[in-house]
Amino acid sequence: MKVPPVKGTRDFYPPQMAIRNYIVDGWKAASLRNGFEEYDGPIFEYLKMYQIKSGDEIVEQLFNFTDRGDRKLAIRPEITPTLARMVNQQINSLPRPIKWFSVPRLCRAERPQKGRLREFFQWNIDIIGIDDVLADAEVIFTAINYLQATGLTADDIVVKISSRKMLAAILKEIGIKEKDLESIYTILDKRAKVPDDAFEEMLAEKISDADIRQKVTQLMAAESIDSLSDIVSLSDKANESVDELKKLFQLLETMGVTDFCKFDITIVRGLAYYTGIVFEIYDKQSQLRAIGGGGRYDNLLKQFGGPQVSATGFGIGDCVLGILLEEKGLLDGKENNRQIDYFVACADKQFAKNALEITTKIRRAGFSASFSYKATGLGKQLKQASAENAKKAIIIGEEFEKNQLAVKDLESGDQTLVDIDKFFSQL
RNA sequence: GUGGAAGUAGCUCAGCUGGUUAGAGCACUGGAUUGUGGAUCCAGGGGUCGGGGGUUCGACUCCCCUCUUUCACCCCA
């Protein structure tokens, strides 16, 4: 009986696994470089954990099941709730700032499409306990720091940045009521993704006052932070968050990454819980493809039963990123990272036992070594050595009688005779 | 969940308006090569043509259903 792979999943054969590792290792290295510590949680949690943040409609978008103890559980579709739970549990004993990262394997029961599968990996970094845009800047820097390490440049990607706090203050200034903010955000989030008239239509459904609507449209067309005051007179509260955003850009300048960053008021993020700085990373070439995003969420820990603690973070999945890196040719050669130190070739069957002994000894000394299972000709064995990307081949044949090995450098082709004792003492 | 497109060897694909035993390149295995690799040449294995049903003397080809992939929506944590 042949069973197909499950819809929306991937099999990682060695070449794909090598690429996955390349990406994940890069994430981990960038995290550690920037002072983050790794954590992880279980791959399933109580279903209600995901309803706290996102409501009931989320249930059909995740894989859920009931265990034998009648517990309603779900495979994690994100790790932020787990992070909130873990941090809350030890909030009083964790040294601040809490700078943690994770590379969870996540599942979502969505319909698969390009850059979006039902099982994927996501890099998350979070800074908890620092109520300062410096933390937001550091998160953004860390993301860019990784992306640069892959070879991506400011010509390839852009980090679009805005502030929910600022947007809320200005919208209120314009005349939007506090209770309507949430639903307006959802519409504004689509500003760059839908045509002008469709946007106007959506807006009209929510805002009946034409003057207010016009102000909102003007606001969403603002090109720079400074031009905001031309559209509306800013309240003290709005000015405060404008200054905060400006400070963020100054910090990013000090960090040397302003080439990658751009103010973009249309960045709102669909998620309800963002409270301050928000940002999304886009591929410049293929217009408007978000490859990752994040922002400040100062109320989340409280929502999960903890104290009010400020937090800011960022997440990026492996699917879209992988496609982007592939398109840019930045994964070339990454699919084969196999490499062994020595390939032990046996030139004559009578030395088979000795060859196995030598192989074992090399392995015991901490080096990787391989050999052929079949007693084929030396040519075949060297061919195998090349195929396995061995650095050197050890040839065991008649010279073995004189306690010598032929050591061949497979890159240069140089070959030397070495005494066995000397070979091992120089390993 | 809604709509469009596609599915032939491990991969990329060819296969005429329905007609005999479904092909190529790459990959894989073996040989040329019993002490010297990456190249070259030769040979070989590998397909219920995604699956099921229907039309037909006859289906890879036409029709229906289904699965999977993919694109656009919904959603995006």
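Relevant structure appears above.
Residues numbered from 1 in each chain as written. Chains lettered and ligands numbered in written order. Predicted model: local features only at pLDDT ≥ 70, side-chain atom pairs only at ≥ 80, totals over all residues. Heavy atoms only, no water.

1. A short note on the overall build of chain A
Going by this rule: Helical segments are the DSSP runs of H or I of at least four residues, strand segments are the runs of E of at least two, and each set is numbered from the N terminus. Atoms considered for the radius of gyration are the C-alpha atoms alone. The globule rule reads 2.2 Å times the number of residues to the power 0.38. Between two residues, a contact is recorded if the distance between any of their heavy atoms is within 4.5 Å. Under the convention used here, a 1.4 Å probe and the Shrake-Rupley method define accessible areas, while residue burial counts only the protein chains that appear. The positive count covers Lys and Arg only, the negative count covers Asp and Glu only, and His and the chain ends enter neither. Just so you know, the charge point we use is NZ for Lys, CZ for Arg, CG for Asp and CD for Glu.
Looking only at helices and strands, chain A features 15 helices and 17 strands. The C-alpha atoms of chain A give a radius of gyration of 28 Å, which is well past the 22 Å a tight globule of 427 residues would have. Excluding contacts between residues fewer than 6 apart, the proportion of contacts in chain A whose partners are at least 24 apart in sequence is 67%. Of the accessible surface of chain A, which amounts to about 21,900 Å², a share of 48% is contributed by carbon and sulfur atoms. A distance of 6 Å separates the average location of the 58 positive side-chain charges in chain A from that of its 63 negative side-chain charges.

2. Remarks on the protein's contact with RNA strand B
For clarity, the threshold we go by: A cutoff of 4 Å decides nearness: a residue is near a molecule or strand if any of its heavy atoms lies inside that distance of it. For the purposes of these results, a polar contact is taken to be a pair of N or O atoms within 3.5 Å, where, inside protein, one atom must be able to donate a hydrogen and its partner to accept one; residues adjacent in sequence count only when each atom of the pair is a side-chain atom. The residue classification treats Ala, Val, Leu, Ile, Met, Phe, Trp, Tyr, Cys and Pro as nonpolar and Asp, Glu, Lys and Arg as charged. All others, Gly included, are polar.
Near RNA strand B you find 32 residues, and of these Lys114, Arg116, Leu271, Lys374 and Leu410 are the closest. The sugar-phosphate portion of RNA strand B accounts for 45% of its atoms within 4 Å of the protein, the bases making up the rest. Between RNA strand B and the protein, one listed contact pairs a base nitrogen with a backbone N or O atom of Leu410 at 2.2 Å. At a separation of 2.5 Å, a base oxygen of RNA strand B approaches a polar side-chain atom of Gln415. With six residues, helix α14 (residues 378–387) is the largest single contributor of residues to the surface near RNA strand B. Classifying every residue of the surface near RNA strand B by side-chain character gives eight nonpolar, nine polar and 15 charged.

3. Focus on the sheet that holds strand β2 (residues 44–46)
Threshold: We treat two strands as partners when DSSP finds at least two bridges between them. An axis is simply a line fitted to the C-alpha atoms; with a helix, the fit covers only the stretch in contact. Between two such axes, the angle follows the N-to-C directions and lies from 0 to 180 degrees.
What the three strands build is an open sheet, ordered β2-β4-β3; its pairing is antiparallel. What marks the edges here is a single partner per strand, and that holds for β2 and β3 (64–66). Geometrically, the sheet is characterised by an average inter-axis angle of 35° between neighbouring strands, direction not taken into account. Sheet analysis places β3 next to strand β4 (residues 72–75), joined by three bridges and oriented antiparallel. By the bridge assignment, Phe65 is partnered in β4 with Leu73.

4. Focus: helix α4 (residues 133–149)
Residues lying three or four places apart along an α-helix face the same way, a consequence of the helix completing one turn every 3.6 residues. Note the following rule: The span one expects for a helix is its residue count, reduced by one, times 1.5 Å. Accessibility here uses a 1.4 Å probe with only protein chains present; expressed as a share of the type maximum, an area under 20% marks a residue as buried, one over 50% as exposed, and anything in between as partly exposed.
Compared with the 24 Å implied by 1.5 Å per residue over 17 residues, the 24 Å span of α4 between its first and last C-alpha is a close match. With 13 of 17 residues buried, α4 lies mostly within the body of the structure. In this structure Asp132 caps α4, since a side-chain oxygen of it lies 2.8 Å from the backbone nitrogen of Leu134. Positive phi appears at Gly151, one or two residues downstream of α4, with a value of about 110°.

5. Observations regarding the sheet that holds strand β13 (residues 340–346)
Reading across the sheet, the five strands line up as β14-β13-β15-β16-β17 and stay open at both edges, with mixed pairing between neighbours. The open sheet has two edge strands with one neighbour each: β14 (369–371) and β17 (415–419). Recorded for the sheet is a direction-independent mean angle of 30° between the axes of neighbouring strands. Along the sheet, helix α13 (residues 352–364) makes contact with β13, β14, β15 (390–396) and β16 (404–409), crossing β14 at roughly 160°. Across the sheet, α14 touches β13, β14 and β15, and the angle it forms with β13 is around 170°.

6. What to know about the packing of helix α5 (residues 164–174) against helix α6 (residues 181–188)
Which entries qualify depends on this criterion: Put simply, angles under 35 degrees are roughly parallel, angles over 145 are roughly antiparallel, angles from 65 to 115 are roughly perpendicular, and the rest are oblique. Left-handed describes a crossing whose near helix is turned anticlockwise from the far helix by less than a right angle; the clockwise case is right-handed.
Where α5 contacts α6, the two axes come as close as 12 Å, and the packing angle between them is 115°. Put simply, α5 runs roughly perpendicular to α6. Relative to α6, the crossing made by α5 is right-handed. The segment α5 lies against α6, with Arg164, Leu167, Ala168, Leu171 and Lys172 engaging Leu181, Glu182, Ile184, Tyr185 and Leu188.

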